[in-house]
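Listed below, chain by chain, are the residues.
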Amino acid sequence: MDSSDKLWDYVFVGGGLSASVVSHRLLEHDPNLKILIVEAGPNVSDREDIVWPSSTNLIGGDFDWKYNTTSQANLNGRNVSLPCGKALGGGTAINTNAWIRGDKFDFDLWGSMVNDKRWTYEGLLPYMRKSERLWSDTINTEQHGQEGPSLIQSVTSTNRHFPLRSHALQAWGEIGIDALPHLDGNAGNPLGVGDLQENKMSGRREIASSVYSLDGITVLTETLVEKLVIKETAPGQLSAVGIKLQNGTEIHGREIIVSAGAVRSPQLLMLSGIGPAEELAKFNIPVLLNNPHVGKNFSDHSLFYHTWRVKDPSAGWALGSPNALFREPQYGWGTPTDFVVASDVPKDGLIAAITEDEGVAPEPNHPLLLKRTFAEHVFGYGGAPDGSQVTFAVVIMLPTSRGTVKLASPSISDPPLIDPNYASTAVDRYVLREAVKLQIRYAGSKETVIGREILNGEVGAPGFDEQFSINSTDEYIDARVKAGLGSCYHPMGSVSMGSVVDTNLRVKGVNNLRVIDTSVIPVAISGHLQVAAFAMAEQAAEIIFSDR
Ligand SMILES: Cc1cc2nc3c(=O)[nH]c(=O)nc-3n(C[C@H](O)[C@H](O)[C@H](O)COP(=O)(O)OP(=O)(O)OC[C@H]3O[C@@H](n4cnc5c(N)ncnc54)[C@H](O)[C@@H]3O)c2cc1C
C-alpha cells in the first residue's frame, strides 16, 4: 500500500495513547472513514517482554525515547532522565499502569480556565467512565465505568494481600490520613488512602492500541514524521493539508491530528513554522504563525525515592524475603504496594511559599489554598533482593513550576530541549519538604506502628553522611531532594488549550489541524495522566465527529 496515493480523512502523527483512542472511536462512528496513523516506533503488542507481568524491557529499554532534560538549575544542575514510549500505544507500551484519576478540583480549574464545561470534572466524567471497566460493579458506581475497553484491576481484586497491609493502613491513620470510602481514590476526591488500581488484566499490560482495536485503520510503524504540510489556502488562511515523512514522502489528509506527546507535539509544530517567531528564527524556519505559547507552560510530576531497613527481614514483610506468600504469581502482577495515598500540605507554610513566588500574600480564595492533592505517597515492598528493605516514593502532583520545550536543531532527528524546570518555585520546594517530613513521621517515628515495630532507620543516599530521621533539618531534606529528585514521566501542558488550541482541540489560526495528547492539558492534574488522557481522547473523538 502506498499511503501517499490517497487523500486520507484523518492522518494521525504519532500512534500513542491518544491517537489509538480517537482513531478507534472515529472509525466506530463511521466505518467508511480512511484513517492513517504514522508512528515512530514498532508494534509491540505481542512481545512477551512488554505485555507479560514483570517485564523488564520498559524504562530505558528498546521502546523508550530515553530523553534527558536540560541541566536543572534547582537540582544541582543535573540532567534528569525523562522516559517516553516509542511504540504503537505510546506511553502505554512501557508505563507503570497506575490508574489514578486525580482531584476533581484540577479538572474544574481546567474547565474554568478555558471557559468550557466540557473540560470540567463533570464534563469529563462520562468519558472517564466510558474508557474503563472496573473490576467491581459495586464500588462508587456513579463514578466508574463497567463497559469500557481498559480493564482495571486493584491490589485487592488480584488477591495481593501484602503482609504489612493492615499495619500500613493503621500507620496512615496514626498520622491523620484516613482510608477513603471503599478505598477508592478514583472518585474525584483522592485525599486519603486508596487501594492501588492499575489498567492491567491479571497482570497483563493493556496497551491502548490493543484494547482500542485499530482494525480497519492503516498504521505505518517505525516511520518518523518530519513536519506538517501547511499551505496558505486563501489570503490570510493557513490550512494543514498533509504531513512529510523523514524519508521525504508527502501524505495528504483532510484533517491532520498531532498526537506525538507533550515533548514531540510542540517540536513538530515549531518545525512546521508554528511557534514563537524568535525560536523559529534561530534555525531559519519560516514563520507561518507566530504563537509565543507553543512549547511554554510545560510541566512534569516529579518523583523522589528513599529506602528504609526492615528490623527483622526473616519476618517476611517484604518481597525477596523467604515468605512463601510471595511465590504466588499474583505478587508479580503489578507494583508491589497496597495503597496510593494523597495528601494536602499545611497551609501556613504554603501561604509563605506562595507569597515568595508571587510577591504578594495570597487571597483566601487562591486556588492553591483549597484542600487539594499536593503530594502522593507510595510505600513499596520491593526494596532489596533479600527482603531487608522497603521503599518510599513521593510524587509532587500539583507542580507550580513551569518550563519549556524548545528546538535543539531544525531536524526531527534531534530531540527538542526539554526543560521541566523542576522545583523552581518556593511552593514546589515547600511541598517536597513537607511530603518527605510526613513520610519520615510514617517510617521513622514512634507515632506509627510501622516506625515502632517494623522499620529500623533509613538507608541514606550516596554522598550524604546522615540518614532521614525526625530530627532531619529542612536544609538536609532540601539537599537530599536536590540530589535525588527525578521525573515521574508525566510531561504535559506544552501546547496548552486556550493559548495554542481551542476547546475543540483545533490549533488556533490553522484550519484542519488539531493536537490531541497530554500537551494540551493547561493545568497540572493530580492524577497520573493516563486517566485524563483516555477521557480527553474519548471526548475529542465526539467533538471531531460533531464538527464534521
Ligand atoms: C515509564 C513511564 C511510566 C508511566 N507510568 C504511568 C502510570 O503508571 N500511570 C499513568 O497514568 N501514566 C503513566 N505514564 C504516562 C502515560 O503513559 C502518558 O501520559 C500517556 O501515554 C501520554 O499519552 P499521549 O497520547 O499524550 O502520548 P504518547 O502515549 O506518549 O504517544 C505519543 C506517540 O507519538 C509518537 N511520536 C512522537 N513523535 C513522532 C514523530 N515525529 N513521528 C511519528 N511518531 C511520533 C511516539 O513514539 C509515541 O508513540 C507513564 C509514562 C512512562 C513513559
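Residues numbered from 1 in each chain as written. Predicted model: local features only at pLDDT ≥ 70, side-chain atom pairs only at ≥ 80, totals over all residues. Heavy atoms only, no water.

What follows concerns the site of the ligand. Close contacts around the ligand come from 37 residues, with Ser-18, Glu-39, Ala-98, His-528 and Gln-530 the closest. Here an oxygen atom of the ligand sits 2.7 Å away from a polar atom, N or O, in the side chain of Ser-18. One of the backbone nitrogen or oxygen atoms of Thr-96 is found 3.1 Å away from a nitrogen atom of the ligand. Taken by itself the ligand offers 1000 Å² of open surface, and the protein chains cover 97% of this. Residue assignment for the shell around the ligand shows that the elements contributing at least two residues are α1 (17-29) and α7 (261-271). Tallying contributions element by element places α7 first for the shell around the ligand, with three residues. Along the lines of polarity and charge, the residues of the shell around the ligand split into 17 nonpolar, 16 polar and four charged. (Near = heavy atom within 4 Å. Polar contact = N/O pair within 3.5 Å; in protein donor to acceptor, adjacent residues only side chain to side chain. Areas by Shrake-Rupley, 256 points an atom, 1.4 Å probe, with all protein chains shown as cover. Helix = DSSP H or I, 4+ residues; strand = E, 2+ residues; numbered from the N terminus. Nonpolar A, V, L, I, M, F, W, Y, C, P; charged D, E, K, R; others polar.)

What follows concerns the domain arrangement of the chain. Assigned domains of the chain: these are domain 1 (1-97 + 206-299 + 403-421 + 491-548) and domain 2 (152-205 + 302-396 + 423-484). Distance between the C-alpha centres of domain 1 and domain 2: 32 Å. With 24 residues of domain 1 at the interface, the matching set in domain 2 holds 21 residues. Taking both partners together, domain 1 and domain 2 bury about 1900 Å²; carbon and sulfur atoms supply 41% of that area. Considering only the side of domain 1, the residues that lose the most area to domain 2 are Asn-74, Asn-97 and Glu-206, jointly responsible for 33% of the buried surface there. Counting every contact that joins domain 1 to domain 2 gives zero salt bridges. Linking domain 1 with domain 2 are 12 residue pairs in polar contact (both at pLDDT 80 or more). Those elements that place two or more of their residues in the side of domain 1 that touches domain 2 are α2 (48-51) and α13 (530-547). Tallied by class, residues from the side of domain 1 that touches domain 2 come to 10 nonpolar, 12 polar and two charged. (Domains from an automatic or database assignment. Contact = heavy atoms within 4.5 Å. Buried area = accessible area lost by both parts, 1.4 Å probe. Salt bridge = Lys/Arg side-chain N within 4 Å of Asp/Glu carboxyl O.)

Turning to unusual backbone geometry, a few remarks are in order. Positive phi values are uncommon outside glycine, yet Asn-115 reaches one of about 55°. The backbone of Leu-505 shows a phi angle near 70°, a positive value even though the residue is not glycine. Positionally, Leu-505 belongs in the loop between β24 (486-487) and β25 (510-511). Overall, the relative accessible area of 0% leaves Leu-505 in the buried class. (Buried < 20%, exposed > 50% of the residue type's maximum accessible area, 1.4 Å probe, protein only.)

Below, the discussion takes up the pattern of salt bridges. Scanning the entire structure with this criterion turns up 27 salt bridges. Between Arg-254 and Asp-9 there is a salt bridge; the shortest N-O distance is 2.9 Å. Taken together, the residues Arg-254 in strand β14 (residues 250-258) and Asp-9 in strand β1 (residues 7-13) connect sequence positions 245 residues apart. Assessed through its relative accessible area of 11%, Asp-9 is described here as buried. A salt bridge links Arg-372 to Asp-106; its shortest N-O distance comes to 2.9 Å.

The subject of this paragraph is the sheet that holds strand β8 (residues 197-198). Taken in spatial order, the three strands make up an open sheet running β5-β6-β8, and their pairing is mixed. In the strand order of this sheet, the two ends are held by β5 (132-134) and β8, each with one partner. Two strands pair when backbone bridges link them, and strand β6 (residues 150-154) and β8 are joined in this way by two bridges, in the antiparallel orientation. Across the sheet, residue Ser-154 finds its bridge partner in β8, namely Gln-197. Along the sheet, helix α4 (residues 121-131) makes contact with β5 and β6, crossing β5 at roughly 70°. (Pairing = 2+ DSSP bridges. Axes fitted to C-alpha atoms, helices over the stretch in contact; angles between N-to-C directions.)

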